[in-house]
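# Tertiary structure, described
These are the residues of each chain, in order.
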Amino acid sequence: MATVTRENIGLLNDKIIVKVERDDYLPSFEKAIKNYSKQANIPGFRRGMVPVGMVKKMYGTSVFADEVIKSVEKGLSDYMTGEKLEIFAQPLPLPDNDSPQLDMNQPTEYKFAFEVGLKPAFSITELHSDHFKKYKVSVTDQMVNEELDRLQIRSGNLVEHDAVTAEDNVMNAVFAECDAEGNELEGGIRKETSLEVKYFNPFIREELQGKKPDDSIVFQISTAFEDKEREWISSDLGLDKEDPQASDKYFRFTITKVSFLEKAGMTEDFFNTVFPGKTLSTEEEFRNAIRLQIQAEW
């Protein structure tokens, strides 16, 4: 049976040391090796007739480590159950453990140390006689409109268009690394993606107007996007964020499809999709449900 000791190493932190002797793990190791020899499928030997020595040579090290760890874990678990320890999360193995020294050819005693965070004892005073304020948030029409717009977009559908006509058009496109003239570089970055026109800088948005599938433009990441958009576009393209010149690379942006996000209509189906289980039939009822939801969240 494993021997367990415990010492305090800080405020609400204890160190638990589990020591196992060879008799704690060796019988289970020998049994596991025999089971392996019965199940192993090794060329040149009939199934179940593989010599134990060969199995031990091939798998012994990992099986030995597993059985030692199992005996340690059982010792730790039994100790914590017996002591009724109230801890946060799980015990953390400490770096001074013996696992790198495990040797099936020289079975001996091993010590494993763990750190545990103890839950502090506390009590809560009686609150039934106290008084508390409950704040009721005033939900404005603007807040309702913004949430309604978000819900309509989330439940909307993409409708394919012939060309870019607005800033909220969605473009499926290919980024291909190129030179300043738009000639694709051999071995350069090539990435399929989708994004809205509004993510680009104003002058690129203007250039994109009227573009159709198979049309392309050439730009530098550093000049085509503002800081926020440039950061996630660069990350999506795999550019090195530590390299200040990485965003100066040229890319040919070729459109493959143009879509428009058609917002969900103000229908009963839409109302019931957002608030399942409620019977909402009018826009007024739907807006009131949104208002109550915002109020409850706050």
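So, a few notes on the structure that sits alongside this text.

Analysis parameters
Residues numbered from 1 in each chain as written. Predicted model: local features only at pLDDT ≥ 70, side-chain atom pairs only at ≥ 80, totals over all residues. Heavy atoms only, no water. Helix = DSSP H or I, 4+ residues; strand = E, 2+ residues; numbered from the N terminus. Buried < 20%, exposed > 50% of the residue type's maximum accessible area, 1.4 Å probe, protein only. Axes fitted to C-alpha atoms, helices over the stretch in contact; angles between N-to-C directions. Parallel < 35°, antiparallel > 145°, perpendicular 65-115°, else oblique. Contact = heavy atoms within 4.5 Å. Patch = residues over 30% accessible without salt bridge, like charges linked within 9 Å, V, L, I, M, F, W, Y side chains within 5 Å. Areas by Shrake-Rupley, 256 points an atom, 1.4 Å probe, with all protein chains shown as cover. Salt bridge = Lys/Arg side-chain N within 4 Å of Asp/Glu carboxyl O. Pairing = 2+ DSSP bridges. Phe/Tyr/Trp six-rings, centres within 6.5 Å; stacked < 30°, edge-to-face > 60°.

### Things to note about unusual backbone geometry
- Of note, lysine 84 is a non-glycine position whose phi angle comes to about 55°, a positive value.
- By the element assignment, lysine 84 lies in the loop between helix H2 (52-83) and strand S3 (87-93).
- The exposed category is assigned to lysine 84, whose relative accessible area is 68%.
- Residues other than glycine seldom take positive phi values, yet alanine 89 does so here, at roughly 55°.
- For alanine 89, a relative accessible area of 68% puts it in the exposed group.

### Considerations on the packing of helix H3 (residues 141-154) against helix H8 (residues 283-297)
- Direction vectors running N to C along H3 and H8 enclose 105°, while the axes themselves pass 10 Å from each other. In terms of their interaxial angle, H3 and H8 are classed as roughly perpendicular. Seen from H3, the contacting residues are Asp141, Met143, Val144, Asn145, Glu147, Leu148 and Leu151; seen from H8, they are Phe286, Arg287, Ile290, Arg291, Gln293 and Ile294.

### Quick word on a nonpolar patch on the surface
- There is a patch of nonpolar side chains on the surface, built from Tyr36, Phe45, Met54, Met58 and Tyr59 and spanning about 430 Å² of accessible area.
- Among the elements that take part in the nonpolar patch, H2 stands out by supplying three residues, more than any other.
- Secondary-structure assignment places methionine 58 in helix H2.

### Some words on the pairing of strand S1 (residues 3-10)
- Judged from the seven bridges that link them, S1 and strand S2 (residues 13-20) form a sheet pairing that is antiparallel. Along S2, the bridge assignment pairs arginine 6 with isoleucine 16.
- Here S1 hands over to S2 after two residues, with leucine 12 in that stretch at a positive phi of 60°.

### Quick look at the packing of aromatic side chains
- As enumerated under the stated definition, the model contains 17 aromatic pairs in all.
- Here phenylalanine 219 and phenylalanine 253 contribute two aromatic rings whose centre-to-centre distance is 5.8 Å and whose plane-to-plane angle is 40°, an arrangement assigned as tilted. In this pair, phenylalanine 219 is assigned in strand S8 (residues 216-220) and phenylalanine 253 in strand S9 (residues 250-262), connecting sequence segments 34 residues apart.
- Centroid distance phenylalanine 270 to phenylalanine 286: 5.2 Å. Interplanar angle 55°. Geometry classified as tilted. Here the residue phenylalanine 270 occupies a position in helix H7 (residues 268-274), and phenylalanine 286 occupies one in helix H8, the gap between them amounting to 16 residues.
- Residue classification places phenylalanine 286 among the buried positions, given a relative accessible area of 0%.
- An aromatic cluster is defined as three or more aromatic residues linked by ring pairs; in this entry it consists of Phe175, Phe200, Phe219, Phe225, Phe251 and Phe253.

### Quick look at the sheet that holds S2
- Here four strands make up an open sheet; going across it, the order is S1-S2-S4-S3 and the pairing antiparallel. Of all strands in the sheet, those with a lone pairing partner are S1 and S3, marking the two edges. Neighbouring strand axes in the sheet, compared pairwise and without regard to direction, differ in orientation by 25° on average.

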